[in-house]
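Notes for the structure review
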Amino acid sequence: MRPQALLAAALLGMALPVLAGEIAPSGRRSGYDFMSADSKAMQDDDTANPAMLSVLEGETLWTTKAGAADKSCSDCHGAVDVSMKGVAARYPAFSAASAAPVDLGQRVNLCRRQHQEADPFAPESRELLALTALIAKQSRGMPITAGGDPRLASSVARGRELFVQRQGQLNLACANCHDDNWDKHLAGSAITQGQPTGYPIYRLEWQGMGSLQRRLRGCMTGIRAQAFDFDAPDMIALELYLMSRAHGMTMDAPAVRP
Amino acid sequence: MMRSASRLIVLIIAALPAAAVAQTLARYAIVGDGIPEPLTGQPGDPTRGRALVLARSSTCILCHFGPFPEARFQGDLAPSLAGAGSRSTPAQLRLRLVDASQVNPDTIMPSYYRIDGLTRVGSAWRDKPILSAEQIEDIVAYLATLRE
């Protein structure tokens, strides 16, 4: 490489600072990479991936009329594989109506309230997981782009602050494990980098579907901290930071995880 | 008069948590890089200590591994406990369990006998140390037997 090219590369490196402890883009790995061959095979085969049952349920809900407006999702959005392509990869996204970021589940519930005039689905309800699984599947193979909107900058920063803050009786920050020790094992289980490429997921430990919020609450309880409430602003900020941290990684939702 | 009386009450209320702390946690003295005296005033029981090290609720082998052939799931996030008793004195082991951050402020090892300076502790665990003074002494007694 010529000296000028080396200088240019060095300057480029300086222009894109990686915060202390952060994983370099080339070193990022999805939770899929840490799984056993059996679990990978289960995810790769749609007829074996249990999350696809939730997707099927989502397809039914997509075309079912609901609420006082008696409208289905498809009445406004049409075919899910067209209108929802790439949508999950950019969530959480800024909602002008809420003047705050909303995650995919909250977006579905905003639609239910505003356009279907129906009651929102409860967090982690079968229906909400089914619709978000269906929508997330339409981003499979696409790069994560969430967090780029400048209106989200303060929430992304808040999310990172939470990520590096020590908390709970065990006094651990997310970063202590998922930035600094992701290649090691906690009681025999791979720690992983905490890259949220596949949510909602079918988690073998749960024997069921769950959102990123549920997964984060599990980790918080693990460090004996007070888990954030579902949909709390800090919860959304943390989700948003994690998605922006995974910028450019490939979506593999709905994923199987141990 | 009223004002000074109410100020006194405020002072008493402010002093209460400190009194509660004193009741919950045994006092200890750090000498050099260790705590020479047992927290309970008497040595622990190594057999109970071994059982505690292996118990999931103690959290030791979530991160550490060691000479525990019967424990299928052990962590590799932290050094092996094999030879812990050769590398460290009981006083050093005791301080590392009580509050490892006094030895290394950046350590990820939790402070097992500390209830202050923590953030957003879950209600089930609030104002309680991870391990009791007795449990810490039992674990110190066991770790001291791990020699190589």
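What comes next concerns the included structure. (Residues numbered from 1 in each chain as written. Chains lettered and ligands numbered in written order. Predicted model: local features only at pLDDT ≥ 70, side-chain atom pairs only at ≥ 80, totals over all residues. Heavy atoms only, no water.)

**Things to note about the nonpolar core**
Residue and element names in this part refer to chain A. Membership of the largest hydrophobic core comes to 33 residues, with the highest contact counts inside it found for Trp 62 and Met 251. Contributions of two or more residues to this core are made by helix 3 (51-62), helix 6 (104-116) and helix 7 (126-137). It is helix 7 that contributes the most residues to this core, seven residues altogether. Look past the residues within four positions of Met 251 in its chain and what remains in contact with it is Ala 88, Ala 89, Ala 136, Ser 139, Arg 140, Gly 141, Met 142, Ile 144, Thr 197 and Met 243. (Core = buried A, V, L, I, M, F, W, Y, C linked by side-chain atoms within 4.5 Å. Buried < 20%, exposed > 50% of the residue type's maximum accessible area, 1.4 Å probe, protein only. Helix = DSSP H or I, 4+ residues; strand = E, 2+ residues; numbered from the N terminus. Contact = heavy atoms within 4.5 Å.)

**Considerations on the interface of chain B and chain A**
In this assembly, 27 residues from chain B lie in contact with 23 residues from chain A. For the pair chain B and chain A, the two sides together bury roughly 2,100 Å², of which 53% comes from carbon and sulfur. Ranking the residues of chain B by area buried against chain A places Leu77(B), Arg120(B) and Trp125(B) at the top, with a combined share of 32%. Across the contact surface, chain B and chain A share zero salt bridges. Across the chain B-chain A interface, the total number found is 13 residue pairs in polar contact (both at pLDDT 80 or more). (Buried area = accessible area lost by both parts, 1.4 Å probe. Salt bridge = Lys/Arg side-chain N within 4 Å of Asp/Glu carboxyl O. Polar contact = N/O pair within 3.5 Å; in protein donor to acceptor, adjacent residues only side chain to side chain.)

**Points about the pattern of salt bridges**
Summed over all chains, the structure comprises 16 salt bridges over all chains. Between Glu137(B) and Arg94(B) there is a salt bridge, with its nearest N and O atoms 2.8 Å apart. Of this pair, Glu137(B) sits in helix 6 (residues 133-143) while Arg94(B) is found in helix 5 (residues 90-99), placing the two residues 43 residues apart along the sequence. Under the relative-accessibility criterion, Glu137(B) is labelled buried at 3%. One salt-bridge network, held together by shared partners, links Arg158(A), Glu161(A) and Asp234(A).

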